[in-house]
Amino acid sequence: MNIVVFGSGAIGSLFGALLAKQNKVVLVGRAPHIKCIQQKGLTINGKTHLTVNVPAVESTKEVFLSADLILLTVKSYDTETASNQVRPLLHDQTMVVSLQNGLDNIEKIEQNIEKKHILAGVTTHGALFSAPGTIIHTGKGKTILGELDGRPSERLNMLISIFNQAGIETQMSIDIKREIWRKAIINSSINPLTAFLGCKNGYLLENPLLEKTVEYVCTESSRIASLKGIIVSPVEMIEKTKEVIRDTAENDSSMLQSIQQGKKTEIESINGVLLRIGTEQKIDTPLNRILFELITSLCLH
Ligand code: PAF
């Protein structure tokens, strides 16, 4: 399969490297990471050990491949621009799969790309940007893919088997919107807490006070989900979040990595959306508000 990975940060590079074993992959990202990959290949350390020579470019204008799959792995604040940039690469059968954090990516993609092309996914792999050209796979997670309308399609089955063949453990969901919500609930505690405290994911369970905070945030975020008709059990979400923390204990969350690199964070698309829903529905969401305001204040420095 011809695959373009648009957004070659930690997760995009990890997926690109794994998929490149059996597919034609082109990575699209930013210098100096892309320049290093062009010179020395892409190296994955940690839970996966791999060096691949994979074509890497800085603009879609340099992609000369008919894309069967475009994997969108950019940060949620770049989704609109990214979906606009990949549009010229689409042919009638191209699948565009969002594998991103946040609750508002699909609506943003739909502004530039016809709905029939779009699928969605979530992943709980932990990956850390170590140096240009090198990624550390810090935690093995699971990946879930689905059609937006929930129907199990032939193209979805094909995609899932390609991911599994690449060693990316992947399942199908007939309710991918619910999975996106579940992932956002998980991210709503892990990401801002680790980003604000400057700690690895695992520390959230080493410190009993933080473990309690994770539980409170999960409960509040699960209640907000129910306002949108996504009925999840807070107890189950707490368990799931703790499982992800354990599996990615050695990871710096993507939000912490953004703060460390002086970049914008995905707070708007995670806690920001949750806060907005609470405000619209006149429900108090103090924990998401505090987390949102703390991270936003950090970024104002
Ligand atoms: O955003 C992240 O960092 C990841 O979604 C996860 C799974 C929380 C691992 O750090």
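Bear in mind that the values here come from a model prediction, so they are computed numbers and not experimental data.

Enquirer: Can you walk me through the overall build of the protein in this structure?
Expert: Along the protein, the regular secondary structure elements total twelve helices and twelve strands. Here the protein has a C-alpha radius of gyration of 18 Å; the compact-globule value for 301 residues is 19 Å, and the two agree. The dimensions of the protein, computed from C-alpha atoms along their principal axes, are 50 × 40 × 35 Å. The buried share of the protein, taken over its 301 residues, is 57%. Sequence separation of at least 24 residues holds for 70% of the intrachain contacts in the protein that already meet a minimum separation of 6.

Enquirer: Which parts of the structure should I look at to understand the site of the ligand?
Expert: Near the ligand, the surroundings consist of Asn-101, Thr-124, Lys-183, Asn-187, Asn-191, Asn-201, Val-244, Asn-251, Ser-253 and Ser-254. Within the contact set of the ligand, an oxygen atom lies 2.9 Å away from a side-chain nitrogen or oxygen of Asn-201. Contact with the protein chains hides 96% of the accessible area of the ligand, taken as 280 Å² for the molecule alone. A per-element tally of the shell around the ligand places helix α6 (residues 176–197) first, with three residues. Here the residues of the shell around the ligand are counted per class, giving one nonpolar, eight polar and one charged.

Enquirer: Is there a simple way to explain the nonpolar core in this structure?
Expert: The tendency in soluble globular proteins is for nonpolar side chains to be buried side by side. Judged by nonpolar contacts, the single largest core of 50 residues is most densely connected at Val-4, Val-63, Ile-70, Leu-72 and Leu-204. The leading source of residues in this core is α6, at eight residues. Both domains that furnish three or more residues to this core are identified here as domain 1 (2–174) and domain 2 (178–299). The residues contacting Leu-72, other than those within four sequence positions of it, are Phe-6, Ala-82, Val-86, Val-96, Val-97, Ser-98, Leu-99, Gln-100 and Ile-109. If you look at the next biggest cluster of nonpolar residues, it comprises 35 residues, including Phe-15, Ile-37, Leu-119 and Ala-127.

Enquirer: What is the right way to read the layout of surface pockets from this model?
Expert: Gaps left between atoms show up when a probe the size of a water molecule is rolled over them. Within this model, the second largest pocket holds a volume of roughly 320 Å³. Leu-103, Asp-104, Glu-107, Lys-177 and Trp-181 are the residues nearest the centre of the second largest pocket, which is lined by 14 residues in total. Only α4 (105–110), α6 and α11 (268–280) provide two or more residues apiece to the lining of the second largest pocket. Looking at the lining of the second largest pocket element by element, the count peaks at four residues for α11. Its residues placed into classes, the lining of the second largest pocket shows six nonpolar, no polar and eight charged.

Enquirer: Before we go on, may I ask you to explain empty space enclosed by the protein in this structure?
Expert: One pass over the full model with this rule turns up one cavity of 30 Å³ or more. Looking at the largest cavity, its volume works out to about 50 Å³. Along the walls of the largest cavity sit Ser-98, Gln-100, Gly-102, Leu-103, Asp-104, Asn-105, Ile-106, Ala-120, Gly-121 and Ile-180, which together make up its complete lining. Among the residues forming the lining of the largest cavity, the class breakdown is four nonpolar, five polar and one charged.

Enquirer: Quick question: what am I supposed to make of the sheet that holds strand β4 (residues 50–52) here?
Expert: Spatially, four strands are ordered β4-β3-β10-β9 in an open sheet, and the strand pairing comes out mixed. Each having just a single partner strand, β4 and β9 (126–131) make up the two edges of the open sheet. Mean inter-strand twist for the sheet, computed between neighbouring axes without regard to direction, equals 20 degrees. Sheet topology note: the strand β3 (residues 42–46)/strand β10 (residues 134–139) ladder contains four bridges and is parallel. Looking at β10, one finds that Ile-44 is bridged to Ile-135. Contacts between helix α2 (residues 33–40) and the sheet are confined to β3, β4, β9 and β10, with β3 contributing the most and set at about 100 degrees to the helix.

Enquirer: It is not clear to me how the environment of Asp-284 should be interpreted in this structure. Could you clarify?
Expert: Turning to its location among the elements, Asp-284 is positioned in the loop between α11 and α12 (286–300). With a relative accessible area of 65%, Asp-284 lands in the exposed category. Distance from Asp-284 to Ile-37, taken between C-alpha atoms, is 47 Å for residues 247 residues apart in sequence.

Enquirer: Whenever I open this one, the side chain of Asn-288 confuses me. Can you help?
Expert: Within the secondary structure layout, Asn-288 lies in helix α12. A polar contact of 3.3 Å, which involves the side chain of Asn-288, links it to the side chain of Ser-221. Separated by 2.9 Å, the side chains of Asn-288 and Asn-271 make a polar contact. Setting aside residues up to four positions removed in sequence, Asn-288 forms contacts with Ser-188, Glu-220, Ser-221, Ile-224, Asn-271 and Leu-274.

The rules we used
Residues numbered from 1 in each chain as written. Predicted model: local features only at pLDDT ≥ 70, side-chain atom pairs only at ≥ 80, totals over all residues. Heavy atoms only, no water. Helix = DSSP H or I, 4+ residues; strand = E, 2+ residues; numbered from the N terminus. Rg over C-alpha atoms; globule rule 2.2 N^0.38 Å. Buried < 20%, exposed > 50% of the residue type's maximum accessible area, 1.4 Å probe, protein only. Contact = heavy atoms within 4.5 Å. Near = heavy atom within 4 Å. Polar contact = N/O pair within 3.5 Å; in protein donor to acceptor, adjacent residues only side chain to side chain. Areas by Shrake-Rupley, 256 points an atom, 1.4 Å probe, with all protein chains shown as cover. Nonpolar A, V, L, I, M, F, W, Y, C, P; charged D, E, K, R; others polar. Core = buried A, V, L, I, M, F, W, Y, C linked by side-chain atoms within 4.5 Å. Domains from an automatic or database assignment. 1 Å grid on protein atoms, 1.4 Å probe; cavity = no way out; pocket = protein on both sides within 12 Å on 5 of 7 lines; lining within 4 Å. Points joined across faces, edges and corners; volume = space filled by probe spheres on them. Pairing = 2+ DSSP bridges. Axes fitted to C-alpha atoms, helices over the stretch in contact; angles between N-to-C directions.

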